[in-house]
Amino acid sequence: MNARSIPEISTSCLLMRKRGDSNYGHWLVEVMPKLALARSQCHISGLAIPLVTGPINDVVSDSLALADRIGTTPRFALDSTHATFFKELVIVSGATEHGCYMSPLVVAEVEGLASGILGSGRKRLFVSRRGALRNLANEDAVEEALRADGFHIIHPGTMALREQIGIFRNAEVIVGVMGAGMTSISFSKMGAKVINLSPATMPDTFFYFLSLHKGHDYREIRGANLSSSPSWDELFHIDVEELREEIASR
């Protein structure tokens, strides 16, 4: 209401925004597939994307480069605090409802990004969240045990999108702390074993839905927060032997 100068976009524009769209998982699964879904129904000549900085900006750019078959579609980066006037705005809804529903159509579109990208050959991955608020209190012990079992430790936050796609493509067993980095299980093999580690207090079905559509053998191991608080953004502890038994139970 306080805006004095409102930019006008006259082209037919697709809204590629949602709450949390600066998060890797939200963008990749809940926003990016809207492009193909919209184009299956109507003409799209512009993309309204989030105005973001840092690694997620590279993810947005790289994923659109892989998904946008036209390749020259204009992009309009929108600041969430500013108003914009659209002559025609196309909105896709109903493909996902976070925590409630995820259409197999969006997973198929994410899978399609991997077309033509070679796998690294890594079979066993541990997806680290080292340095994040929600993380393993005993990560050193977990990493030591997993290395001994032939796991490769990766830090997705430091990797480009194509690199992440390549390293997940051949994975047969993936262990990781529940968080954005685990979204790349969508690039892994059908039937892979996925073990998600999380605080007992964290309610989230996002990765279960992804694995369901991929036909994964999906498991969760939950641990208690060190502080005994109900938060799911704190250090928590996982029993190393329980994890090793779960890996071997296939």
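For the structure itself, consult the block above.
Nothing here was measured: the structure is a model prediction, and the numbers come from that model.

Engineer: Quick question: what am I supposed to make of the overall build of the protein chain here?
Structural biologist: Counting its regular elements, the protein chain contains eight helices and 13 strands. For 250 residues, the compact-globule estimate of 2.2 N^0.38 gives 18 Å, and the C-alpha radius of gyration of the protein chain, at 19 Å, lies within 12% of that figure. Seen through its C-alpha atoms, the protein chain measures out along the principal axes to roughly 60 × 40 × 30 Å. The burial tally for the protein chain puts 47% of its 250 residues in the buried class. Long-range contacts, defined here as pairs at least 24 residues apart, represent 72% of the contacts in the protein chain between residues at least 6 apart.

Engineer: Any chance you could explain the packing of aromatic side chains here in plain terms?
Structural biologist: To describe a pair of aromatic rings, you give the distance between the ring centres and the angle between the ring planes. By the definition in use, this model includes three aromatic pairs. Arranged with centres 5.1 Å apart and planes meeting at 85°, the rings of F206 and F207 form a pair that is edge-to-face. Each member of the pair, F206 together with F207, is buried. Clustering of aromatic rings is evident, with ring pairs tying together Y208, F209 and Y218.

Engineer: Honestly, helix α7 (residues 206-214) in this entry has me stumped. Any pointers?
Structural biologist: Structural remark: α-helix, 3.6 residues per turn; residues separated by three or four positions point the same way. Among all positions of α7, only F206, F207, F209, L210, S211 and K214 are buried. Of the surrounding elements, those touching the buried residues of α7 are α1 (24-31), β6 (101-102), α4 (104-112), β11 (193-199) and β12 (217-223). In the stretch just after α7, G215 is the one whose phi turns positive, near 70°.

Engineer: Even after reading the chapter, I still don't get unusual backbone geometry, so can you show me in this structure?
Structural biologist: Glycine aside, a negative phi is what most residues show, and trans is what most peptide bonds show. Even without being a glycine, S228 presents a positive backbone phi close to 65°. Looking at where S228 falls in the secondary structure, it is placed in the loop between β12 and β13 (235-236).

Engineer: Could you clarify how one ought to interpret the packing of α1 against helix α3 (residues 55-67) in this entry?
Structural biologist: Between two packed helices, the angle of one axis relative to the other and the distance separating the axes together describe the packing. Two numbers describe how α1 lies on α3: the axes approach to 10 Å, and their chain directions differ by 20°. Here α3 runs roughly parallel to α1, going by the angle between their axes. Once α1 is placed against α3, the crossing between them reads as right-handed. Facing α1, whose interface residues are Y24, W27 and L28, α3 presents I56, V59, V60, S63 and L64. Partitioning the contact of α1 with α3 into residue classes produces seven nonpolar, one polar and no charged.

Engineer: Quick question: what am I supposed to make of the sheet that holds β12 here?
Structural biologist: Strand pairs in the sheet, formed through backbone hydrogen bonds, run parallel or antiparallel to each other. One open sheet accounts for five strands, arranged β9-β7-β10-β11-β12; its pairing is parallel. Bordering the open sheet on either side are β9 (152-154) and β12, each of which pairs with just one other strand. This sheet shows a mean twist of 20° between the axes of neighbouring strands, independent of strand direction. Sheet topology note: the strand β7 (residues 124-127)/β9 ladder contains three bridges and is parallel. In the strand pairing of β9, L125 is matched with H152. Running over the sheet, helix α5 (residues 139-148) touches β7, β9 and β10 (173-177) and is turned about 170° from β7. The strands that helix α8 (residues 240-248) touches are β7, β10, β11 and β12; relative to β11, the one it contacts most, it runs at about 160°.

Parameters and conventions
Residues numbered from 1 in each chain as written. Predicted model: local features only at pLDDT ≥ 70, side-chain atom pairs only at ≥ 80, totals over all residues. Heavy atoms only, no water. Helix = DSSP H or I, 4+ residues; strand = E, 2+ residues; numbered from the N terminus. Rg over C-alpha atoms; globule rule 2.2 N^0.38 Å. Buried < 20%, exposed > 50% of the residue type's maximum accessible area, 1.4 Å probe, protein only. Contact = heavy atoms within 4.5 Å. Phe/Tyr/Trp six-rings, centres within 6.5 Å; stacked < 30°, edge-to-face > 60°. Axes fitted to C-alpha atoms, helices over the stretch in contact; angles between N-to-C directions. Parallel < 35°, antiparallel > 145°, perpendicular 65-115°, else oblique. Left-handed = near helix turned anticlockwise from the far one by under 90°. Nonpolar A, V, L, I, M, F, W, Y, C, P; charged D, E, K, R; others polar. Pairing = 2+ DSSP bridges.

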